[in-house]
Structure formats: structure tokens, C-alpha cells
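So you can see what is in the structure, the chains are spelled out below.
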There are 4 protein chains.
Amino acid sequence: MTTTFHGIIGYTVTPFDAGGETLDLAALGHSIDRLIDGGVQAIAPLGSTGEGAYLSDREWDEVAAFSLSHIAGRVPTIVSVSDLTTASAVRRARYAQEHGADAVMVLPAAYWKLSEAEILAHYQRIGDSIGVPIMLYNNPATSGTDMSVELIMRIVRQVENVTMVKESTGDIQRMHKLQQLGEGQVPFYNGCNPLALEAFVAGAAGWCTAAANLIPDLNQQLYQAVLANDLVQARALFYRQLPLLEFILKGGLPATVKAGLALTGLEMGEPRLPVFPLDAPGRARLAALLEALR
Amino acid sequence: MTTTFHGIIGYTVTPFDAGGETLDLAALGHSIDRLIDGGVQAIAPLGSTGEGAYLSDREWDEVAAFSLSHIAGRVPTIVSVSDLTTASAVRRARYAQEHGADAVMVLPAAYWKLSEAEILAHYQRIGDSIGVPIMLYNNPATSGTDMSVELIMRIVRQVENVTMVKESTGDIQRMHKLQQLGEGQVPFYNGCNPLALEAFVAGAAGWCTAAANLIPDLNQQLYQAVLANDLVQARALFYRQLPLLEFILKGGLPATVKAGLALTGLEMGEPRLPVFPLDAPGRARLAALLEALR
Amino acid sequence: MTTTFHGIIGYTVTPFDAGGETLDLAALGHSIDRLIDGGVQAIAPLGSTGEGAYLSDREWDEVAAFSLSHIAGRVPTIVSVSDLTTASAVRRARYAQEHGADAVMVLPAAYWKLSEAEILAHYQRIGDSIGVPIMLYNNPATSGTDMSVELIMRIVRQVENVTMVKESTGDIQRMHKLQQLGEGQVPFYNGCNPLALEAFVAGAAGWCTAAANLIPDLNQQLYQAVLANDLVQARALFYRQLPLLEFILKGGLPATVKAGLALTGLEMGEPRLPVFPLDAPGRARLAALLEALR
Amino acid sequence: MTTTFHGIIGYTVTPFDAGGETLDLAALGHSIDRLIDGGVQAIAPLGSTGEGAYLSDREWDEVAAFSLSHIAGRVPTIVSVSDLTTASAVRRARYAQEHGADAVMVLPAAYWKLSEAEILAHYQRIGDSIGVPIMLYNNPATSGTDMSVELIMRIVRQVENVTMVKESTGDIQRMHKLQQLGEGQVPFYNGCNPLALEAFVAGAAGWCTAAANLIPDLNQQLYQAVLANDLVQARALFYRQLPLLEFILKGGLPATVKAGLALTGLEMGEPRLPVFPLDAPGRARLAALLEALR
């Protein structure tokens, strides 16, 4: 099973109306078109940035179906289907596949800490239920579960359609180990924006980022400089966009990316409470950062 | 606003049928009666042990309504209403109040890390929506959010009906600080089983524990020894039950407590996947621990 | 091998002249007399509070010899002999024994992280070189080495004269485990001042504390309340002295205890740089705390 | 004040006789010649690898004087002068300067945790005492003190001759911040072997490494590939040497580097206890790793 995922993989946000109650699918469509116009190599709906965890099942289905239908194969798609119970993650994975997703992404979300055997069984069960590839996603900061590279490789070897790994711990040595233990055969992806340069240097196949909503050209140029083997240029491009990358991460991706899209004319509403929208000083700072990158 | 909560506050489990799909309310009723027969001073439905996080909204409502109706005021009740969005937590809190809960418990569950202002607003919004007291619950191991004692006291002072604090970090010095900053006026409760003795010694008003499903007499005797100012006896009782307390915590409360109830004749089904039920060696060890305490 | 160590074990400071260059043994003598007058059950020269790590070998020898000679058997003594190399720790342990120490204390000080085998061999080598008991001391905050309770018990079982354990991690559950794995036969001591009450409640044989330089009566009363099985009284005594205990720990024991002794008429000089003496606001706060306890 | 330090900065070991008691200066001379023959851009005597912390003052002086005299200006030198007391670090810094060191390196070694003001004063005092540049060294794993980049920049700005920063936390984002806050004007150096590639990519001026005792050509080629802007080549060279870099770090640099030098014909003796020499399986593994890189 080979993968077609590489380069800049853009995350979508999930737009709501003012009160945060109803979905604004028209706005979602605009933001998807913006991502594609920006040249992303793929799109990942319903990830962390997409507030997937804050949606009801009905809403989740609506966003997934709309996103896939609106992207309509213009770029490959990978839908985040994570949920607390295995049964719900399986249901979402099937739903995504039925609606045309090229792959699904699975974070082992947890309330009760999971054992390695429980995590493995979770991936196995989801993998057995679908026919598209799975990108395993490790992000202890949001999931509460840290998977060692050894465990990740065990899952990759045991579950046939877990073929890609997304790493977001912020520890570049995890990527070294993925490269070493995977012997270069298991493509891995960076999910930690401030490691954008180093991850590519370490051999990452792609960069999963919500920044592509705001600075798609700079993201793309960094990727192209790496492909062109031009370290000096890649370093310059990285440091140029780093303040923006740090800002959107530190401020919370849903809040900052929605605010950034609004600054560029695409109104996306606010994140759902308890998550706050970006406050006025934050919006001013974000506007200045974006202005400096124009 | 005074509290009537003290002593042993027992958690319920949520029984499912064999496949983990449908609720078994009859079994829930039996386990509630068992808790009350065991002499608990209060009951807390739908907590961590109750797999509240793994239920659909419809299921959550069913369990809340049934529990409150079945307890029927025999002991005070405190229902956990935590959810990822403020809107959903508010809805649950109102539902619990309408169905007779004496108080609600709120953990600031989070996917995206919450700022202190976001946490405070979450409690404020819930507090403004109901007329019963709130027990603020701090448990970073499950919620991913660690509230400092200073933040907790700020919430207690600002949100009128946040009148109780449950601490589960496992750091006894947090309870010292609750005692100091609360000047003895803010009742706090222990949610970390292995600190059962020290928490009472530090001044905790109660012990929220799922162990009351299995060893209610020993739990109660420990509390009574503390009330009787008999440290030697309390220490002996604590070390006697500590292996069981450690076992159920380490093995995961839903899995171990369900297994323990089954060992004593009350079939509760299994936890929902990805959480595994207790395996055969675990059940044998649990049986031996319970036997030793008879 | 039985131990005579129990109750309040007071630490000495190491007085210097104004510039921090030369030892002031006369002042040391006065502070030792003060400790003994305060009723301590034992004295521990050259511990962390005693700035043992900041002394030259020659100075260390002088302080050890003077302390033991001045105590002159009025209370049992336990001399901290920790050093980075095994050879130096052995030399100090022998020196302490030759000059009359009843026991020695050993922290596995480390620059390069030590393996469990290296730590065990370190204790074995020291144990083989002397004929007095060793108190193993676990304090990762100063040593950089955290010994699990399992490792500690392995050392206790393998090295004949390691007969006592001092625990300073601040995690009361370590003491539970010492009690459980040692089956009540391995006396353990508390080195974390804010756990004074809980450690005794958990079964600690003694409390190693520099607070005995400043508030020996309150320290002693807490110990006696525990011995008298009076939990209510012990709790009241604990919370009364807790602000002072927290202050001296947070401010750094050498700086705060020297300042506290100066406030009560015993001039001890200042800690050696880079450690700062307590500043004026700190001294005022300390004076107020001490005044409130009079 | 400009720096001449860049590229591969090799650490020396400190050879002892078989029992670990006496220095073997002849062996030290051989290993220095080996480093210079290997093409290092500079040499750093008495660092962590050089067991500086395990030497008596007299031994330290002997090793410093011999090293500087033997290097004799063939490459620039930077001598680690860290010690627990400010007075001793000042003495060593002066001694190093008097014996010809081009710069000194200072780690804020600590027994009692140091405040930021204490750390700053420590550097100020040392800086005021000498006329050569200081490389500030941050390595919380050995020093117990973690300096934030903000604190580091404060020290750099305030202490005139602190002109270089060595970062060993293993967190590449610290280097990003050094680059950003230093505006490219404060040269920083990497002290974490597994980050060799990423540190250069992030803009590090040099790599301080004990690996230059064993694989100087590979170290040098990596540096040259970065200078040549050849990312593909740099990545290949990095992954080629990474297993060796990881092995020597994990096994403890003094033990593994001494064993490695012995394997190549330079007998260096063993580390001082409690640090163990590399055991037989470790030596076999190291031999295989070195063989594979020939």
C-alpha cells in the first residue's frame, strides 16, 4: 500500500455562526477553496484545528460529508476520525471512507489511560473495518496518550492499513527513531509547526499544518527549498515564518486560525466555548505578523 | 451555602450488556442499593468510574435520571456533568438539577488546553445556569488540565455556587494549601484512593471513592477512626485496605470495580472499548485481595 | 542491627565568617547546644543544610571532627558523608566513624547519571568500609538521582549496614511503599518538611529537619502528639508550623536557617556564593513568622 | 568581542591509571594529538566527558596546565571551569586564563537550586575576574539548573565577556529562540550529539562533541556538508553516525569514549567510581558500531 500524501497537508477549521451553535458550511467551502488555491498537496478535515472533538455526531457527519464533497478529489483527503470509544471511531472511519476519504487519521483519544494492548486493539479494530490507509497520530498534549516509537512501529507492522505516522510531540529525536526503525519505509509527517524545518531535514514526508490557511506560499516555499536541497534558503524561509507559526500554536489553533481567516476576509465565526476567540490585542498582533509576511 | 457532603462518597459504575452496547439499568439499581447498604454518606453517579465520558448524550440522560430516581433521596447525590463544551456541561447540569441532584461535579475536560480565564468562565457559565452547589474537580491525569490551588480559590470566590473542591492530583501538599487558603471554610474532598488516610489527616471532609462498591466497611471504619481521633487505628485500617486501593486504581477503576462487583455476585458487564475488561490473572488477584479483607 | 534514631533529628548549619571564607567553629558549637537544648532526639551534621557540598575536604574534616567532639554523645549523631566519587565518600565515612559518629548518611550524589548497579555498588563499597549503620538518603531535587523504593529495598537487603532510609521526594506514596515492602522492619525518616505530619501518620520513625534550629518546641510537640495518638492535636500543631516550614524550604535552608538563627541572637554568617543570603524582605517575613509562633 | 570558535569542538577525556587514582598525562597527550590530527576546529578540556567534576583541585590544575601546554595553540582552546562555589569557579577561570586558555566554559553547577539572580551574579563574578570570553553552558541533566533562553540572553547582555552559548537540553526550539532573541549576533553551540544535524540547520556555529575522539572524519564531513549547503549529503552523513552518537551518549560519555579510544589503541584507563567502565557486551557493541563506520 503506497501513500500519495506528501508536502503541505492543510487543516480545515469548522466555521460556526456567531453563537457557536450552528455550522456554517458555506464558509467552510470558501476556506477549502482558499487552501486549494494556496497549493496544498492534501487536505485534512476535522482535525484538532477543525474542533472535531467539540462536534456532535450529527455535526461531525455533516462536516465530513460536505468537506469531501466540496474538495471533490481536487487534492487527496485524510479525515480525522478519532473518538473516545472504539465503536464511534469505527463508525466515523467507515463514514469517511463511504464519502470518499482517501485516508483517515486516528489519535488514540483517552479519558482513562490506555495500555499498549488497548491502543493496538483500537487501531486493529478500526483498520479491520475500513479499506483505506490510516495515519496514526501521536500527540500526547491533546490525547493524553504518548505512544513510544517502538509501540508505533509495532502497530504499523501489525495493522496492515496503518501506513503513515504523524508525530506531534515536538521532540525531533522521535522522528530520527521513526526514520531508523522504519528503515525509511514508513512515511512520517510533522504535526508540530515550530519543527517544520527540522522535520523535513530529518526526512518527514509532509507537514500537517493549519498555517496553510494563512501563509500557504511560505509553507510551500519551505517545502520546495527542502526538495531543491537548498538549506540556506530553507533556513531563511523557516525563520521568516516561525513567529507566525509560534503565535498560532501558542494562541490555540482554532482561535488564531479563525481570527486570521477573518482578517483576510473569510468570516469563520468563533471557537466553541470553553475555548475563547482571539482577543483584540491578539488579533492586532496577528494582523501585524501577517502584514510583515506579505 | 452549606454542604451536606462528608465521609464516604461512593461512585457508581455504568453497567452494559455483554457487547458493551446497551445500558443495563437493572444492574445499576442493584449496585446503587449495594452502596447504600454499605453505609456510604453520599453517592456520585456518572463520574470517571461511571464511564460518563464514554456515553452518548441520550445514554447519559438515561443513567442520570435512573440513578437519581432509584436513590430517591436515601443519601445525598452529586452528579458529574463534565463535558468538552460549556454548552453541553450546562445542559447536563440543568438536567441533573431537574431530576433531583443535590449537587453537581465539574471537571474542566479539555481537548485544547484551557487558559485560566477560560476555565473560570466555564465554571461561571455552569454556575449561573443552576441553583444547586458545584463541586469543582481537579484531576489533570484524566482532564489534561491542572488547576492550581490559587486558581481554584479564585473560582470558589467568584462563582457563588462552587462551594466544594475535589482534589485528585495525588499531591497532599495541594490539600494543605486548600486548607490554608480556604481558611478551613472551603470543604475539600479526596479523589486519590492511596491518599485516603493522609487526606483525612490534612482535613478533607470526605473521600470520593469507587472502593465503596467493594469494601464499604473498611472505607467507613477508616473514616470513623479519623472522627474518633484514633490515629493508630486509622493507620492500621489504611494499610489493611491499601493493596486493594492501589490495585483498583492501577488496573483502571471501571474495569476493576466491575470485575470486583461480578466477583461478589453483581454482574455489571464490561467497560466500553478501547478500555479492556480485567483479564483472568487480574480477576484472580482481585479475588485474592478481596478474600484477604473479608 | 537496630537503630536508635527516632523523633526529631536536627540538622546543623555551617557558620562562616562575613566573607564566607573561613569556618566559625565557635558559632557552630553554640548552634549545636541550641539544638540539644531544644530537645532533639539526634543531630545530623554536614547535611544539605550544612552546606557539606560547598566545603573543601579539609573544611569538611574540621566540621565533622568539631561537631562530633562538641556533641560528645549527648545525643546520637548521623554524619552526611556524601560525595561525587566513591573513594571520597568512603574516606569521609571512615573519618566520621573514627571520630565517633553513630551512623552516616549517604546521598548518591551524581554528575553523570548513575545506573542502579552503580548506585548499589556505591553503597556496597561504603558499607564494606565502615562498621556503623548507614542511612540511605533519597532526594532527587539535590542529587539528580531518584531511587525507586524497589531499588532502595534491594540496597537495604544487600548491604548489611544500610539499615535506615530517608525519603525527601515529597511523595507520601513512597513512604507507603517503604512501609509495605519493608514490612514495617525498615525504619524510614522524613526529609521533606511540608510532609511532617503525613510522614509520621504513614509510619515514619523520625523527621530530619533544619527547623529544629528555629522552632524545636513545635517540632517536638508534633512528634509527641503523634506518639500520644492525638490526631486532632497533631493536625493543629502541624498547620501552625507549616507556614514557617514552607518558608524555610522555599527560601533555601542554609540561607533561611542562618537568617533565623541570627534573628534569635546566634550569628552564623552567610551561605557561600553562588547561594545568596536571605534578603531584607525575606528576613522581615521570617521574623514575623517566628514572632507569630512564639 | 568576536569568537573564533566554530565547527567541531572536541572534548578530551581524563585518563587515569588502572585503579582510577592517578592521572595519566602521557595518555592525555596522545588523545589530544589524535583530536588535532582528526581536524577539530577547537578543543575543550575538562568538560563533562573529561570528568572535571570528579577531580581534586590539584588534579584539575594539573590537567588544565598540561592540556593547554600540550595543545600549544595548535587549535583554539576553551576550558570548562565550572564548580559548585563561585570562589572556586573564579579560581579555575583565572588559572585557565593564566595558562593560555582562549576561552572558558561555565555551567552553573548547583546543589541548592539557584535563583536567576544567583546565576546571573555567578556569571558576573567570574566574568569580572578574567579577560577571556566565557561560553555559557546550559545542561540541566548534569547541572540540575535549567536556564531559559530569556535568562541566557539577559546574562549575555549584562556580562560583557559572556559571548557564546552552549545548549544541551535536547530541545531544538531553544536554539530557534537563541537565534531569534540573539538576532543572529550571539553564536550558539550544540552540546547534544543526537541534534548534530538539526542544530547546524537551526544556525549553530559549532558542535561540542566527544565523538571527535572516535569518528572525527564523519563529524567533520557533516559540518562541511552543512557549509556546502548540501542538505541531502548532510542528512545521509547524520543518519550514518547517529547510532554511534546515541550509543556514546546513552552509555555515558566518559565510559564509552574511553572504551572507544582503547579499541583504537589508546589506553585511557577507566572512569572514576561510582561511574562504571563500559562492560564487555557494551565494548563489543561499540566495536561493531565503529567497524561499521570505517
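Quantities reported herein were computed from a predicted structural model and do not represent experimental measurements.

Visitor: Would you mind showing me how to read the overall build of chain A here?
Guide: If you tally the helices and strands in chain A, you get twelve helices and eight strands. Taking 294 residues into account, the globule formula puts the C-alpha radius of gyration at 19 Å, and chain A, at 18 Å, falls close to it. A principal-axis box enclosing the C-alpha atoms of chain A has dimensions of 50 × 45 × 35 Å. Within chain A, buried positions represent 63% of all 294 residues. Restricting the contact set of chain A to residue pairs at least 6 apart, pairs at least 24 apart contribute 71%. When the accessible surface of chain A is summed, it comes to about 10,100 Å², and 51% of that surface belongs to carbon and sulfur atoms. The positive charge centre, built from 21 side chains, and the negative charge centre, built from 30, are 3 Å apart in chain A.

Visitor: Hey, could you run me through unusual backbone geometry in this one?
Guide: Backbone torsion omega between Leu273(B) and Pro274(B) reads 15 degrees, so that peptide bond is classified as cis. Structurally, Pro274(B) can be placed in the loop between helix H11 (253–263) and helix H12 (280–292). Despite not being glycine, Glu51(D) shows a phi value in the positive range, around 55 degrees.

Visitor: Got a minute to help me understand the packing of helix H11 (residues 253–263) of chain D against helix H12 (residues 280–292) of chain D in this structure?
Guide: The description of two packed helices rests on the angle between their axes and on the distance between the axes. Residue and element names in this part refer to chain D. At a minimum axis separation of 10 Å, H11 and H12 run at an interaxial angle of 65 degrees. You can see that H11 and H12 cross each other, and the crossing is right-handed. Facing H11, whose interface residues are Thr 256, Ala 259, Gly 260 and Leu 263, H12 presents Arg 283, Leu 286, Ala 287 and Leu 290. In terms of residue class, the contact of H11 with H12 is built from five nonpolar, two polar and one charged.

Visitor: I'm lost on the sheet that holds strand E5 (residues 134–138) of chain D in this one. Help?
Guide: Residue and element names in this part refer to chain D. Spatially, the eight strands line up as an open sheet ordered E2-E1-E8-E7-E6-E5-E4-E3, and their pairing is parallel. The open sheet has two edge strands, strand E2 (42–44) and strand E3 (78–80), and neither has a second partner. Across the sheet, the mean angle separating the axes of adjacent strands is 30 degrees when strand polarity is ignored. Where E5 lies against strand E6 (residues 162–167), five bridges are found, and the strand directions are parallel. The residue bridging Met 135 from the neighbouring strand is Met 164, located in E6. Contacting strand E4 (103–106), E5 and E6, helix H4 (residues 116–129) runs over the sheet at an angle of about 155 degrees to E5. Here helix H7 (residues 172–181) sits on the sheet in contact with E5, E6 and strand E7 (188–190), set at roughly 165 degrees to E7.

Visitor: Got a minute to help me understand the interface of chain D and chain A in this structure?
Guide: By convention, interface size is frequently given as the accessible area that disappears when the constituent parts associate. Every contact between the two is made by 27 residues of chain D and, on the other side, 27 residues of chain A. One can count zero salt bridges joining chain D with chain A. If you look at where chain D meets chain A, you find 16 residue pairs in polar contact (both at pLDDT 80 or more). For the side of chain D that touches chain A, the residue count by class is 16 nonpolar, seven polar and four charged.

Visitor: When you look at the relation of the copies chain B and chain C in this model, what are you seeing that I'm missing?
Guide: The relation between the two chain copies is a rotation about an axis coupled with a shift along that axis. For the pair chain B and chain C, the relating rotation is 180 degrees, the translation along its axis is 0.0 Å, and the fit reaches an RMSD of 0.0 Å. Such values leave the two copies arranged in the relation of a two-fold axis.

Visitor: Looking at this structure, how should I read the interface of chain B and chain C?
Guide: Counting residues at the interface gives 27 residues for chain B, matched by 27 residues for chain C. Both sides of the chain B and chain C interface together cover about 2,200 Å² of buried area, and 54% of this is carbon and sulfur. Counting the contacts that link chain B with chain C gives 15 residue pairs in polar contact (both at pLDDT 80 or more). Listing elements by their share of the side of chain B that touches chain C, those giving two or more residues are helix H7 (172–181), helix H8 (196–202) and helix H10 (231–250) of chain B. Among the elements that line the side of chain B that touches chain C, the one with the most residues is H10(B), at eight residues.

Visitor: Is there a simple way to explain the environment of Arg283(D) in this structure?
Guide: All names here are of chain D. Assignment of secondary structure puts Arg 283 in helix H12. A C-alpha to C-alpha distance of 9.7 Å links Arg 283 and Ala 262, two positions 21 residues apart in sequence. If sequence neighbours within four positions are ignored, Arg 283 has contacts with Ala 259, Leu 263 and Leu 278.

Visitor: Explanation requested: the sheet that holds strand E8 (residues 206–209) of chain C in the structure shown.
Guide: Strand pairs in the sheet, formed through backbone hydrogen bonds, run parallel or antiparallel to each other. Residues and elements named next belong to chain C. Judged by pairing direction, the sheet is parallel, and its eight strands sit side by side in the order E2-E1-E8-E7-E6-E5-E4-E3 without closing on themselves. In this open sheet, the two strands that pair with only one neighbour each are strand E2 (42–44) and strand E3 (78–80). Between one strand axis and the next, the sheet turns through 30 degrees on average, direction left out of account. Taken together, the three bridges between E3 and strand E4 (residues 103–106) define a ladder with parallel strand orientation. By the bridge assignment, Val 79 is partnered in E4 with Val 104. Strands strand E5 (134–138), strand E6 (162–167) and strand E7 (188–190) of the sheet are contacted by helix H7 (residues 172–181), whose axis makes an angle of about 165 degrees with E7.

Visitor: Can you walk me through the packing of helix H10 (residues 231–250) of chain A against helix H12 (residues 280–292) of chain A in this structure?
Guide: Residues and elements named next belong to chain A. Where H10 meets H12, the closest approach of the two axes is 10 Å, and the angle between their N-to-C directions is 160 degrees. In this view, H10 runs roughly antiparallel relative to H12, as classed from their interaxial angle. In this structure, H10 crosses over H12, and the sense of that crossing is left-handed. Here Arg 240, Pro 243, Leu 244 and Phe 247 of H10 come into contact with H12, specifically with Gly 282, Arg 285, Leu 286, Leu 289, Leu 290 and Ala 292. Residues belonging to the contact of H10 with H12 are distributed by class as follows: seven nonpolar, one polar and two charged.

Visitor: Which parts of the structure should I look at to understand the relation of the copies chain D and chain A?
Guide: Each copy superposes on the other: chain D lies on chain A with an RMSD of 0.0 Å after a rotation of 180 degrees and an axial shift of 0.0 Å. When the interface residues of chain D are mapped onto chain A, 100% of them again lie at the interface, so the same face is used by both copies.

Visitor: Would you take a moment to explain the side chain of Lys166(D) for this structure?
Guide: Residue and element names in this part refer to chain D. As for its placement among the helices and strands, Lys 166 is situated in strand E6. Buried charge without a salt bridge: Lys 166, with Glu 167 as the nearest opposite-charge side chain at an N-O distance of 10 Å. Non-local contacts of Lys 166, meaning those with residues more than four positions away in its chain, are made with Tyr 11, Met 105, Met 135, Leu 136, Tyr 137, Asn 138, Tyr 189, Gly 191 and Cys 208.

Visitor: Sorry if this is basic, but what is going on with helix H4 (residues 116–129) of chain B here?
Guide: Structural remark: α-helix, 3.6 residues per turn; residues separated by three or four positions point the same way. Residue and element names in this part refer to chain B. Taking 1.5 Å of rise per residue, 14 residues should cover 20 Å, and H4 covers 20 Å from first to last C-alpha, within 8% of that figure. Taken residue by residue, H4 has Glu 118, Ile 119, Leu 120, His 122, Tyr 123, Ile 126, Gly 127 and Ser 129 as its buried positions. On its buried face, H4 is in contact with helix H3 (86–98), strand E4 (103–106), strand E5 (134–138), helix H6 (149–158) and strand E6 (162–167).

Visitor: Looking at this structure, how should I read the pairing of E4(D)?
Guide: Regular strands place side chains that alternate from one sheet face to the opposite one. Residue and element names in this part refer to chain D. Because side chains alternate across E4, one face comprises the buried residues Ala 103 and Met 105, and the other comprises Val 104 and Val 106, equally buried. Handedness of the crossover is the feature at issue here: the chain leaves E3, passes through helix H3 (residues 86–98), returns alongside E4, and the resulting connection is right-handed. By the bridge criterion, three bridges tie E4 to E5 in an arrangement that is parallel. Its bridge partner lying in E5, Val 104 is registered against Ile 134. In this region the chain leaves E4, passes through H4 and returns to the parallel neighbour E5; the handedness of that crossover is right-handed.

Visitor: Before we go on, may I ask you to explain the pattern of salt bridges in this structure?
Guide: Residues and elements named next belong to chain A. For the structure shown, the criterion picks out 50 salt bridges over all chains. Residue Lys 258 is joined to Glu 51 by a salt bridge in which the shortest nitrogen-to-oxygen separation is 2.7 Å. Highlighted residues: Lys 258 in helix H11 (residues 253–263) and Glu 51 in the loop between strand E2 (42–44) and helix H2 (57–71), separated in sequence by 207 residues. Neither residue differs from the other here; Lys 258 and Glu 51 are each classed as buried. The network of salt bridges with common partners includes Asp 146, Glu 167, Asp 171 and Arg 174.

Visitor: Just to check I follow, could you spell out the packing of aromatic side chains for this structure?
Guide: For any two aromatic rings, the description comes down to two numbers: the centre-to-centre distance and the angle of the planes. One pass over the structure, following the stated rule, counts 20 aromatic pairs over all chains. On the numbers, 6.2 Å between centres and 65 degrees between planes, the contact of Trp60(A) with Tyr95(A) is edge-to-face. Within this pair, whereas Trp60(A) is found in helix H2, its partner Tyr95(A) is found in helix H3 (residues 86–98), the two being separated by 35 residues in sequence. Given the relative accessible area of 1%, Trp60(A) is considered buried. A ring pair is formed by Tyr111(C) and Tyr54(D), whose centres lie 6.4 Å apart and whose planes are at 85 degrees; its orientation type is edge-to-face. A residue pair is termed interchain when its members come from two chains, as with Tyr111(C) in the loop between E4 and helix H4 (116–129) and Tyr54(D) in the loop between E2 and helix H2 (57–71). Through a chain of ring-to-ring contacts, three or more aromatic side chains come together here, namely Tyr54(A), Tyr111(B) and Trp112(B). Residue placement shows Lys166(C) over the ring face of Tyr137(C); its charged tip is 3.7 Å from the ring centre.

Visitor: Just checking my understanding: could you explain H2(D) for this structure?
Guide: Residues and elements named next belong to chain D. Taking 1.5 Å per residue, 15 residues should reach 21 Å; H2 reaches 21 Å between its end C-alpha atoms and fits that length. Inspection of H2 places Glu 59, Trp 60, Asp 61, Val 63, Ala 64, Ser 67, Leu 68 and Ile 71 among the buried residues, and these make up the whole buried set. Residues of H2 that are buried make contact with helix H1 (25–37), E2, E3 and H3. Just past H2, the residue Ala 72 takes up positive phi, approximately 50 degrees.

What counts and what doesn't
- Residues numbered from 1 in each chain as written.
- Chains lettered and ligands numbered in written order.
- Predicted model: local features only at pLDDT ≥ 70, side-chain atom pairs only at ≥ 80, totals over all residues.
- Heavy atoms only, no water.
- Helix = DSSP H or I, 4+ residues; strand = E, 2+ residues; numbered from the N terminus.
- Rg over C-alpha atoms; globule rule 2.2 N^0.38 Å.
- Buried < 20%, exposed > 50% of the residue type's maximum accessible area, 1.4 Å probe, protein only.
- Contact = heavy atoms within 4.5 Å.
- Areas by Shrake-Rupley, 256 points an atom, 1.4 Å probe, with all protein chains shown as cover.
- Lys, Arg positive; Asp, Glu negative; His and termini not counted.
- Charge placed at Lys NZ, Arg CZ, Asp CG, Glu CD.
- Axes fitted to C-alpha atoms, helices over the stretch in contact; angles between N-to-C directions.
- Left-handed = near helix turned anticlockwise from the far one by under 90°.
- Nonpolar A, V, L, I, M, F, W, Y, C, P; charged D, E, K, R; others polar.
- Pairing = 2+ DSSP bridges.
- Salt bridge = Lys/Arg side-chain N within 4 Å of Asp/Glu carboxyl O.
- Polar contact = N/O pair within 3.5 Å; in protein donor to acceptor, adjacent residues only side chain to side chain.
- Least-squares fit on C-alpha atoms with pLDDT ≥ 70 in both.
- Buried area = accessible area lost by both parts, 1.4 Å probe.
- Parallel < 35°, antiparallel > 145°, perpendicular 65-115°, else oblique.
- Expected span 1.5 Å × (residues − 1).
- Right-handed = clockwise from strand over helix to strand, strands pointing away.
- Phe/Tyr/Trp six-rings, centres within 6.5 Å; stacked < 30°, edge-to-face > 60°.
- Lys NZ or Arg CZ within 6 Å of the ring centre and 35° of its normal.

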